[in-house]
Amino acid sequence: MRSGATWAVELDGFGKTYRAGWGGRTVHAVETLSLRLPAGQVLGLLGPNGSGKSTTLKALAGLLQPSAGSCRIFGEPAGSDAARARIGYLPESVRFATHQTGREFLRYCAGLSSLTDVQAEPRIEAVLAWTGLGDAAGRRIASYSKGMRQRLGLAQAVLHEPQIVLLDEPTSGLDPEGRLAVVRLIRELAAQGRTVVFTSHLLAQAEDVCDRLAMLGKGRLLASGTVGELLGTFERAPVATSRLEKIYLERLHALS
Ligand SMILES: Nc1ncnc2c1ncn2[C@@H]1O[C@H](COP(=O)(O)OP(=O)(O)OP(=O)(O)O)[C@@H](O)[C@H]1O
């Protein structure tokens, strides 16, 4: 990207420090993280538990203030009205009111955004269809599987047609079929020209769907670059097996 151009996502020396417990120790969740993502690309933020992935995503969503550095969305400070209007966010775990139906939940979410009722209804039907929840839209969320709840969470994240979609562990806890469904939806978001940042601790999934990867470890950036650049730096070992059924291949991919 030419210099001076606006990045979709820009972290510049971002750091977040938490104080754990009453007068407790200081936790440096993320330190001096700098990253830039052009519009229309998919970034996988990878790392083990506790490496700072969720903290970074929350800062981009404007849900927490940086302790150091800055987070910008299309040049606007994360958390500003201008930045918020351009992002959709799927938290790591969504707390649904499970007595609501999927459609009622999305109507509630639309009410929290700037969508008018007239704008909201066709959008709700469109995201229900997109996530394959059209037939279940009138059922209580209590009856939804984990995969269906995750797709409903994705539906609320894109309801207002944001340019940037932030997804925290969107495939966590899903079976191979559920994971593939979510990966397919992320691909479709990218095909629509949206910028996507998602966190995962599974490299295999990120490799399939991302343009760029950033690896975090203990709150620090270990490596970042295009998938080709980064995966070329890891050692790979070929494994020969007899023909495996699709389900076992998917399980193997999920382990890597
Ligand atoms: N509200 C908080 N108060 C204190 N410490 C926190 C808080 N939130 C996160 N942390 C700590 O900050 C560090 C980074 O946490 P974060 O949730 O960002 O990591 P993560 O990579 O998303 O992990 P996971 O995959 O388990 O969600 C961890 O040590 C975590 O315990």
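This structure is a prediction, so every number in the text was calculated from the model and none was measured. (Residues numbered from 1 in each chain as written. Predicted model: local features only at pLDDT ≥ 70, side-chain atom pairs only at ≥ 80, totals over all residues.)

Quick look at the sheet that holds strand E7 (residues 164–167)
Thinking step 1. Across the sheet, which stays open at both edges, the six strands sit in the order E6-E7-E8-E3-E9-E10 with mixed pairing between neighbours. Two strands close off the open sheet at either side, each with one partner strand: strand E6 (87–90) and strand E10 (220–226). When the angles between neighbouring strand axes are averaged without regard to direction, this sheet yields 15 degrees.
Thinking step 2. Relative to strand E8 (residues 195–200), strand E3 (residues 42–46) runs parallel, the two sharing five bridges. Looking at the pairing, Leu45 lines up with Thr199 of E8.
Thinking step 3. Across the face of the sheet, helix H6 (residues 176–191) comes into contact with E3, E7 and E8 while running at roughly 155 degrees to E8. (Pairing = 2+ DSSP bridges. Helix = DSSP H or I, 4+ residues; strand = E, 2+ residues; numbered from the N terminus. Axes fitted to C-alpha atoms, helices over the stretch in contact; angles between N-to-C directions. Contact = placed C-beta atoms within 7 Å.)

Considering the site of the ligand
Thinking step 1. The local shell around the ligand holds 13 residues, among which Tyr18, Ala29, Asn49, Ser54 and Thr55 are the closest.
Thinking step 2. For the shell around the ligand, the secondary structure elements donating two or more residues are strand E2 (26–37) and helix H1 (53–60).
Thinking step 3. Broken down by element, the residue count for the shell around the ligand peaks at three residues, all from H1.
Thinking step 4. The class makeup of the residues in the shell around the ligand is four nonpolar, seven polar and two charged. (Near = placed C-beta within 6 Å. Nonpolar A, V, L, I, M, F, W, Y, C, P; charged D, E, K, R; others polar.)

As for the pairing of E6
Thinking step 1. Residue alternation in E6 divides its side chains into two sets, Ile87 and Tyr89 and Gly88 and Leu90, and both sets are buried.
Thinking step 2. By the bridge criterion, four bridges tie E6 to E7 in an arrangement that is parallel. Paired with Leu90 across the bridge in E7 is Leu167. (Buried ≥ 20, exposed ≤ 12 C-beta atoms within 10 Å, placed from the backbone.)

As for unusual backbone geometry
Thinking step 1. Notably, Phe74 is not glycine yet its phi reads approximately 45 degrees, a positive angle.
Thinking step 2. With respect to the helices, strands and loops of the structure, Phe74 is situated in the loop between strand E4 (68–73) and strand E5 (76–77).
Thinking step 3. The partly exposed category is assigned to Phe74, around which 18 C-beta atoms lie within 10 Å.
Thinking step 4. The phi torsion at Glu169 lies on the positive side, around 50 degrees, for a residue other than glycine.

A word on the environment of Ala214
Thinking step 1. For Ala214, the location among the structural elements is in strand E9 (residues 212–217).
Thinking step 2. On the basis of neighbour counts, which here come to 25 C-beta atoms within 10 Å, the residue Ala214 falls in the buried class.
Thinking step 3. When the C-alpha positions of Ala214 and Ser224 are compared, they lie 4.2 Å apart, and in sequence the two are 10 residues distant.
Thinking step 4. Other than its neighbours up to four places away in sequence, Ala214 contacts Leu35, Leu43, Leu45, Leu46, Leu221 and Ser224.

Details of the environment of Ser34
Thinking step 1. Here Ser34 is to be found in strand E2.
Thinking step 2. Residues Ser34 and Ser224 lie 190 residues apart in sequence; the distance between their C-alpha atoms is 9.9 Å.
Thinking step 3. Filtering out sequence-adjacent residues up to four positions away, Ser34 remains in contact with Leu11, Asp12 and Gly13.

What about the packing of helix H3 (residues 102–112) against helix H4 (residues 117–130)?
Thinking step 1. At their nearest, the axes of H3 and H4 sit 10 Å apart, and the two run at 130 degrees to each other. Considering their axes alone, H3 and H4 lie oblique with respect to each other. In the packing of H3 onto H4, the handedness of the crossing is right-handed. On H4, the residues that touch Gly102, Arg103, Leu106, Arg107 and Ala110 of H3 are Ala120, Ile124, Val127 and Leu128.
Thinking step 2. Residues belonging to the contact of H3 with H4 are distributed by class as follows: six nonpolar, one polar and two charged. (Parallel < 35°, antiparallel > 145°, perpendicular 65-115°, else oblique. Left-handed = near helix turned anticlockwise from the far one by under 90°.)

Details of the nonpolar core
Thinking step 1. Ranked by internal contacts, the top residues of the largest apolar core, which has 60 residues, are Leu60, Ala155, Leu166, Val197 and Ala214.
Thinking step 2. Those residues in contact with Leu60, other than ones at most four positions away along the chain, are Val9, Cys71, Ile73, Ala78, Leu166 and Val197. (Core = buried A, V, L, I, M, F, W, Y, C linked by C-beta atoms within 7 Å.)

Some thoughts on H4
Thinking step 1. With 14 residues, H4 extends 20 Å from end C-alpha to end C-alpha; this agrees with the ideal 20 Å at 1.5 Å per step.
Thinking step 2. Taken residue by residue, H4 has Ile124, Val127 and Leu128 as its buried positions. Looking straight down H4, one finds that the buried residues subtend no more than 100 degrees of arc, so they occupy a single side. Turned more than 90 degrees off the buried face of H4, the exposed positions are Val118 and Pro122.
Thinking step 3. Where H4 is buried, its residues meet H3 and helix H5 (146–158).
Thinking step 4. Backbone geometry just downstream of H4 places Gly132 in the positive-phi region, at approximately 70 degrees. (Expected span 1.5 Å × (residues − 1). Arc of directions from axis to C-beta.)

That is the geometry; function is a separate question.
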